[in-house]
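Here is how the chains run, residue by residue.
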Amino acid sequence: MTQRDLRNKVTVVIPNYNGIAYIRECLSSLYAGTALPRVIVVDNHSTDGSMELVEREFPQVLLHRIRANTGFCHAVNCGLHLVQTKYAILLNNDTKADPAFVEELISAISQSGKIFSVQAKMLTMNDPSVLDDAGDCYSALGWAFARGKGQRAEKFDKKGTIFSACAGAAIYRMSVFDEIGWFDERHYCYLEDVDIGYRAQIYGYRNLYAPKAVVYHA
């Protein structure tokens, strides 16, 4: 698949709030990869100069500014409503993407129309031998938690089905949002990804983990 084909399939949505310490490396890693995706940065009224940095150094990025800090879910929904591609990748601003990150996520989600989301392998940035997240788990007691967090990364090299994808580094099938609804903004931030992954399952969709898609998370 050519870079043009990949670009026409996916848009990366990055919510940002005062992320000047990370946003340059995050965007640089995406543009240094094997795919050159469309990128939207949604800013929650940053005051640290991070948006000026994006405007100056990454003019190809579509920048959407919000006039107040409305939280992760609202920012993500604003970005998703601007997406015109088949898939969208949600990516935290404090991440660095592996060169094949975007391409591997597209490959995984393209396997079936019943796949709603695919989670990347998130490694701890200051120690990549330690796993940060390999998908969300949901217990019978109603508790949600990050699968594999703090464990040795090599233990999570097997792809498979997960309960839901962590929205910090995952790809989503855009058409499904019209069916199951968007991220529930009552969550503000945290657990919104578990909620939407749960809804997707209720509607008959699957959520997967793709360990070849790697990001480093600060």
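Residues numbered from 1 in each chain as written. Predicted model: local features only at pLDDT ≥ 70, side-chain atom pairs only at ≥ 80, totals over all residues. Heavy atoms only, no water.

Trainee: Help me understand empty space enclosed by the protein in this model?
Mentor: The probe, sized like a water molecule, is rolled over the atoms to show the empty space still left. The final tally for this structure, using the stated rule, is one cavity of 30 Å³ or more. The calculated volume of the largest cavity comes to roughly 30 Å³. If you trace the largest cavity, you find it lined by Ser29, Leu30, Gly33, Thr34, Ala35, Ala97, Asp98, Pro99, Phe101 and Val102. At the level of elements, helix H2 (23-31) and helix H5 (101-109) are the ones that each hand at least two residues to the lining of the largest cavity. (1 Å grid on protein atoms, 1.4 Å probe; cavity = no way out; pocket = protein on both sides within 12 Å on 5 of 7 lines; lining within 4 Å. Points joined across faces, edges and corners; volume = space filled by probe spheres on them. Helix = DSSP H or I, 4+ residues; strand = E, 2+ residues; numbered from the N terminus.)

Trainee: Got a minute to help me understand the packing of aromatic side chains in this structure?
Mentor: Both the distance between ring centres and the angle between the ring planes are used here to describe each pair of aromatic rings. Under the defined criterion, the tally for this structure stands at 10 aromatic pairs. Relative to Trp182, the ring of Phe177 lies with its centre 5.0 Å away and its plane at 5°, an arrangement referred to as stacked. On the basis of relative accessibility, which here comes to 1%, the residue Phe177 falls in the buried class. Accessibility expressed as a relative area gives 24% for Trp182, which makes it partly exposed. For the pair Phe177 and Phe183, a centre-to-centre distance of 6.1 Å together with 40° between the ring planes defines the contact as tilted. (Phe/Tyr/Trp six-rings, centres within 6.5 Å; stacked < 30°, edge-to-face > 60°. Buried < 20%, exposed > 50% of the residue type's maximum accessible area, 1.4 Å probe, protein only.)

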